[in-house]
Amino acid sequence: MLREIGSGYRSALLAHALWGLAPVFWKLLDHVPAAQLTAWRFVQTLAVMVLVQRVARGRTIRGLVASRASVSIHVAAVALLTINWLAFVYAVSAERIVELSLGYFLAPLVSVLLGVGLFRERLSRPSWLAVGLSSVGVAVLAAEAGSLPWIALAVATAFGSYGALQKASEVDAVDGLTIEMLLAAPIAAAYLAWSSITGGVVTGGAVGIGATALIGVVTAAPLLLFVRAARSLPLWALGLLQYVGPSLQLLLGAVVFGETTSRAELVAFAVIWLGLGVFTADRWLSPRAPRTRRYRWRSDDPRRRSRHPAR
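Quick look at the structure, then. (Residues numbered from 1 in each chain as written. Predicted model: local features only at pLDDT ≥ 70, side-chain atom pairs only at ≥ 80, totals over all residues. Heavy atoms only, no water.)

## What to know about the overall build of the protein chain
Phase 1 of the analysis: Broken down by element type, the protein chain carries 13 helices and zero strands.
Phase 2 of the analysis: For the protein chain, restricting intrachain contacts to residue pairs at least 6 apart in sequence, the fraction spanning at least 24 positions comes to 90%.
Phase 3 of the analysis: Taken as a whole, the protein chain presents about 14900 Å² of accessible surface, with 65% of it coming from carbon and sulfur. (Helix = DSSP H or I, 4+ residues; strand = E, 2+ residues; numbered from the N terminus. Contact = heavy atoms within 4.5 Å. Areas by Shrake-Rupley, 256 points an atom, 1.4 Å probe, with all protein chains shown as cover.)

If you want it as structure tokens, here you go:
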């Protein structure tokens, strides 16, 4: 169990580092409409997941069987991914990366609240202090925005809720992501086919075509790491670790892409990282992780209970 949790922390950190640096890649495709990029992400990520299933599991997707409960969860997960991806690529193309980072700063608070409220996860006092500091920093960022940051709110709600759904899924990370791509890719492929017929598919030359070919790998790698982390970490820990990604995005937006950053935003950035430091110190010094309520599916099938133990 301890080894699984340690691996979960590493997976979460790497996933959020990749997401934090992702705007550099998506800037290469900022000429492509957000809807088309989102469709390409679903189609190509499915291709990557089919390859992963074949190479790592030695099976085809025909052997992937999910319960009705799992399918319903992953249908909701697909909807949340769609919202998140549309908002992400639009923010990058519209040069609103700083506002995008605000959304990912808010997402951990959504995860923490869902973990405490739905899964009865318990926080230590230092962890509550970390949540409080992070909340103050996010409040400063929201106040500095001066208007309703709809991109930030959409990203925060969708991404935070997506992590909660992954906690409830009965299948592992690889199978879960494969199911989600199977559900979404046919619709995405139909949209791309329609766009091609109507002459609306945008590529953007050799660079655009090359970057488009890498969309599946760029999308699947951090998402697999995140889903793996979501299965082994409590939501409050998963939530607070999410500050790595938006911090990198904020730095990219301000330093690399030249977006305006105020002194208040920098102060908020420092307060949030102080909260993350408190959280990290508490995790290292704590003799054991806080207890969480074990999640159980209500089912009369003993095979399901034995095959999918409570998380």
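Here the narrative resumes, following the displayed structure.
## Examining empty space enclosed by the protein
Phase 1 of the analysis: Inspection of the entire model under this criterion finds two cavities of 30 Å³ or more.
Phase 2 of the analysis: For the largest cavity, the calculated volume is near 120 Å³.
Phase 3 of the analysis: What lines the largest cavity is a set of 13 residues, among which Trp-19, Arg-41, Asn-84, Trp-85 and Tyr-104 lie closest to the centre.
Phase 4 of the analysis: Counting only elements with at least two residues in the lining of the largest cavity, the list comes to α1 (2-26), α3 (68-93) and α9 (215-232).
Phase 5 of the analysis: The element contributing the most residues to the lining of the largest cavity is α3, with four residues.
Phase 6 of the analysis: Across the lining of the largest cavity, the residue classes break down as 10 nonpolar, two polar and one charged. (1 Å grid on protein atoms, 1.4 Å probe; cavity = no way out; pocket = protein on both sides within 12 Å on 5 of 7 lines; lining within 4 Å. Points joined across faces, edges and corners; volume = space filled by probe spheres on them. Nonpolar A, V, L, I, M, F, W, Y, C, P; charged D, E, K, R; others polar.)

## Here's the deal with the pattern of salt bridges
Phase 1 of the analysis: Enumeration over the complete set of coordinates arrives at one salt bridge.
Phase 2 of the analysis: Across the pair Arg-96 and Glu-99 runs a salt bridge whose closest N-O atoms are separated by 2.8 Å.
Phase 3 of the analysis: Classification of Glu-99 by relative accessible area gives buried; the value is 17%. (Salt bridge = Lys/Arg side-chain N within 4 Å of Asp/Glu carboxyl O. Buried < 20%, exposed > 50% of the residue type's maximum accessible area, 1.4 Å probe, protein only.)

## Comments concerning the nonpolar core
Phase 1 of the analysis: If you look at the biggest cluster of nonpolar residues, it comprises 79 residues, and the most contacted ones within it are Trp-26, Tyr-162 and Phe-279.
Phase 2 of the analysis: If you tally residues by element for this core, the top one is α3, at 10 residues.
Phase 3 of the analysis: Ignoring anything within four residues of it in the chain, the contact list for Trp-26 reads Leu-37, Arg-41, Phe-88, Val-89, Val-92, Ile-215, Val-218 and Thr-219. (Core = buried A, V, L, I, M, F, W, Y, C linked by side-chain atoms within 4.5 Å.)

## Comments concerning the environment of Ala-77
Phase 1 of the analysis: Tracing the sequence through the fold places Ala-77 in helix α3.
Phase 2 of the analysis: Taking the relative accessible area as the measure of exposure, Ala-77 reaches 0% and is therefore buried.
Phase 3 of the analysis: Taking the C-alpha atoms as reference, Ala-77 lies 8.3 Å from Ser-161; in sequence the two are 84 residues apart.
Phase 4 of the analysis: Residue contacts for Ala-77: discarding those within four places in its chain leaves Tyr-162, Leu-165, Gln-166 and Glu-180.

## Looking at the packing of helix α4 (residues 97-118) against helix α5 (residues 125-145)
How two helices sit against one another is set out by the angle between their axes and by the gap between those axes.
Phase 1 of the analysis: Between α4 and α5, the shortest axis-to-axis distance is 10 Å and the interhelical angle comes to 140°. For α4 against α5, the interelement crossing comes out left-handed. From α4, Leu-102, Phe-105, Leu-106, Leu-109, Val-112 and Val-116 reach across to α5, where they touch Trp-128, Val-131, Ser-134, Ser-135, Val-138, Leu-141 and Ala-142.
Phase 2 of the analysis: Residues of the contact of α4 with α5, tallied by class, amount to 11 nonpolar, two polar and no charged. (Axes fitted to C-alpha atoms, helices over the stretch in contact; angles between N-to-C directions. Left-handed = near helix turned anticlockwise from the far one by under 90°.)

## Some details on a nonpolar patch on the surface
Phase 1 of the analysis: The grouping of Val-50, Ile-61 and Leu-182 at the surface amounts to a nonpolar patch, some 180 Å² of accessible area in total.
Phase 2 of the analysis: For Val-50, a relative accessible area of 32% puts it in the partly exposed group. (Patch = residues over 30% accessible without salt bridge, like charges linked within 9 Å, V, L, I, M, F, W, Y side chains within 5 Å.)

## Notes on the packing of aromatic side chains
Phase 1 of the analysis: A full pass over the atoms with the stated rule returns 10 aromatic pairs.
Phase 2 of the analysis: Centroid distance Phe-88 to Tyr-104: 6.3 Å. Interplanar angle 65°. Geometry classified as edge-to-face. With Phe-88 in helix α3 and Tyr-104 in helix α4, the pair connects residues that are 16 residues apart, well separated along the chain.
Phase 3 of the analysis: By relative accessible area, Tyr-104 is classed as buried at 9%.
Phase 4 of the analysis: Taken together through their ring pairs, the aromatic side chains of Trp-19, Phe-88, Tyr-104, Phe-159, Tyr-162 and Phe-226 make up a single cluster.
Phase 5 of the analysis: It is Lys-27 that lies over the ring of Phe-257; its NZ or CZ is 5.1 Å from the centre.
Phase 6 of the analysis: Lying over the aromatic face of Trp-85, Arg-41 brings its terminal NZ or CZ to 4.3 Å of the ring centre. (Phe/Tyr/Trp six-rings, centres within 6.5 Å; stacked < 30°, edge-to-face > 60°. Lys NZ or Arg CZ within 6 Å of the ring centre and 35° of its normal.)

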